[in-house]
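Inside the fold
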Amino acid sequence: MFTHQGKSRTLTHNLRIASLLSFVAGIVNVAGFLAVTKLTTNVTGHFAFFVDEVFKLNFWNGFIYFLYIFFFFLGSFVSSFLVELISQKTERNIYIFPTSIEILILILLGFFGGKLINSNPNFIACSLLFAMGLQNSLVTKISNATVRTTHLTGLFTDLGIELSQLFFYKKPEMKQKLYSSIKLRLTIISFFFIGGIIGGIFYGKIQLMVLFIAGVALVIGLIYDNIKLKIRLLNRKYNH
């Protein structure tokens, strides 16, 4: 799921990581919006608000929206920087550090976020955007830009294109490639939706502690991947 990169990745690997990370993003998207009424998984809307506030000469409000954009960018930068830095020493487990930072952010906000909703909602928004920047950069790099999990605009665009191509691509290999891609898009959309439903239901009961669910899901994903890696290494050892 995490460990395979480049040509070694299969559709199954992409489906697994897409399911996990889009589920997490769905929870963060709904929980963040319900908590601070801000989008916390993408920055498209924030850029529009930023420009609007600047034109209205509301520079402080414009600066806040700039911070939202910047923290998503910063998360992406940090994730990629860590992956590149670690990959110079080892190709194994390069994904652990960015994912661990994301887990830490989600768990800390789940624990302390309730106290910050009224006093510092912008801190919550910036932290979640940073975490989603980490996630989006990591999965983009691992999957060679095949999987993106934090926003759906591009996914629905690609899905519409690929569904239309089914009417024109007749060769079996081309159709199979399209079916695989459509399956991946639908998986991301479905798990983002499921995560959003769970985020909405549990936010009404436990507030921002719903982020624990997202954090625990990532921890389970890391453990699962580590176990699979150890099994694979043992098999190689015994086969040789």
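Scoring rules and cut-offs
Residues numbered from 1 in each chain as written. Predicted model: local features only at pLDDT ≥ 70, side-chain atom pairs only at ≥ 80, totals over all residues. Heavy atoms only, no water. Helix = DSSP H or I, 4+ residues; strand = E, 2+ residues; numbered from the N terminus. Rg over C-alpha atoms; globule rule 2.2 N^0.38 Å. Salt bridge = Lys/Arg side-chain N within 4 Å of Asp/Glu carboxyl O. Expected span 1.5 Å × (residues − 1). Bend = angle between axes of the 7 residues up to and from the residue. Buried < 20%, exposed > 50% of the residue type's maximum accessible area, 1.4 Å probe, protein only. Patch = residues over 30% accessible without salt bridge, like charges linked within 9 Å, V, L, I, M, F, W, Y side chains within 5 Å. Areas by Shrake-Rupley, 256 points an atom, 1.4 Å probe, with all protein chains shown as cover. Contact = heavy atoms within 4.5 Å. Polar contact = N/O pair within 3.5 Å; in protein donor to acceptor, adjacent residues only side chain to side chain. Core = buried A, V, L, I, M, F, W, Y, C linked by side-chain atoms within 4.5 Å. Axes fitted to C-alpha atoms, helices over the stretch in contact; angles between N-to-C directions. Left-handed = near helix turned anticlockwise from the far one by under 90°. Nonpolar A, V, L, I, M, F, W, Y, C, P; charged D, E, K, R; others polar. Phe/Tyr/Trp six-rings, centres within 6.5 Å; stacked < 30°, edge-to-face > 60°.

This next bit is on the overall build of the protein chain. Assigned secondary structure in the protein chain consists of eight helices and zero strands. Moving toward the C terminus, one meets the helices and strands of the protein chain in the order α-α-α-α-α-α-α-α. Compactness check: the protein chain gives a C-alpha radius of gyration of 19 Å against a globular reference of 18 Å for 240 residues, within 12% of the reference. Taken over the C-alpha atoms alone, the protein chain extends approximately 65 × 45 × 40 Å along its principal axes.

Applying the stated criterion across every chain yields a total of four salt bridges. Between E84 and K141 there is a salt bridge, with the nearest N and O atoms lying 2.7 Å from each other. In this pair, E84 sits in helix α3 (residues 59-87) while K141 sits in helix α5 (residues 121-142), placing the two residues 57 residues apart along the sequence. Two residues, R185 and D158, come together in a salt bridge whose shortest N-O distance is 3.9 Å. One end of the pair, R185, is in helix α7 (residues 172-206); the other, D158, is in helix α6 (residues 153-165), with 27 residues separating them in the sequence.

Turning to helix α4 (residues 96-116), a few remarks are in order. Taking 1.5 Å per residue as the helical rise, α4 with its 21 residues ought to reach 30 Å, and the 28 Å between its terminal C-alpha atoms agrees with that figure. A bend of about 50 degrees at G110 is the largest found in α4. Those residues of α4 that sit buried are P98, T99, E102, I103, I105, L106, L109, G110 and G113.

Next up on the list: unusual backbone geometry. In this model, T37 sits at a positive phi of 50 degrees, which is unusual for a non-glycine residue. Here T37 shows up in the loop between α1 (11-36) and α2 (44-55). One non-glycine residue with positive phi stands out, namely L57, at about 65 degrees. By relative accessible area, L57 is classed as exposed at 59%.

A few words on a nonpolar patch on the surface. Nonpolar side chains collect at one region of the surface, where W60, F63, F66, F70, F73, F77, F81 and L85 lie side by side and expose about 850 Å² of accessible area between them. With respect to the helices and strands, F81 occurs in helix α3. With relative accessibility at 47%, the residue F81 sits in the partly exposed group.

The subject of this paragraph is the environment of I69. Checked against the element boundaries, I69 lands in helix α3. A sequence separation of 19 residues divides I69 from F50, and the C-alpha atoms of the two residues are 9.1 Å apart. If sequence neighbours within four positions are ignored, I69 has contacts with V43, H46, F47 and F50.

Turning our attention to the side chain of H46. Tracing the backbone shows H46 in helix α2. Engagement of the side chain of H46 in a polar contact is seen with the backbone oxygen of L39, the distance being 2.6 Å. Among all residues touching H46, those that are not within four sequence positions of it are K38, L39, Y65, Y68, I69 and L129.

Okay, the nonpolar core next. Counting 56 residues, the largest nonpolar core has V24, L106, L208 and L211 as its most contacted members. Mapped by element, the contributors of at least two residues to this core are α1, α3, α4, α5, α6, α7 and α8 (211-239). Here this core takes 13 residues from α1, the largest share from any one element. Residues in contact with L106, not counting those within four places in the same chain, are V24, V28, L128, L211, A214, G215 and L218.

Take the packing of α1 against α7 next. For the pair α1 and α7, interaxial distance at closest approach is 7 Å and the crossing angle is 35 degrees. For the crossing formed where α1 meets α7, the hand is right-handed. Class assignment for the residues of the contact of α1 with α7 results in 17 nonpolar, 11 polar and one charged.

This part is about the packing of aromatic side chains. The full count for this structure, using the stated rule, is 11 aromatic pairs. Within the aromatic cluster, the residues linked to one another by ring pairs are F47, F50, W60, F63, F66, F70, F71 and F73.

Turning next to α2. Its 12 residues place the ends of α2 17 Å apart at the C-alpha level, agreeing with the 16 Å of an ideal helix rising 1.5 Å per residue. L57 occupies a position one or two residues after α2 and carries a positive phi of about 65 degrees.

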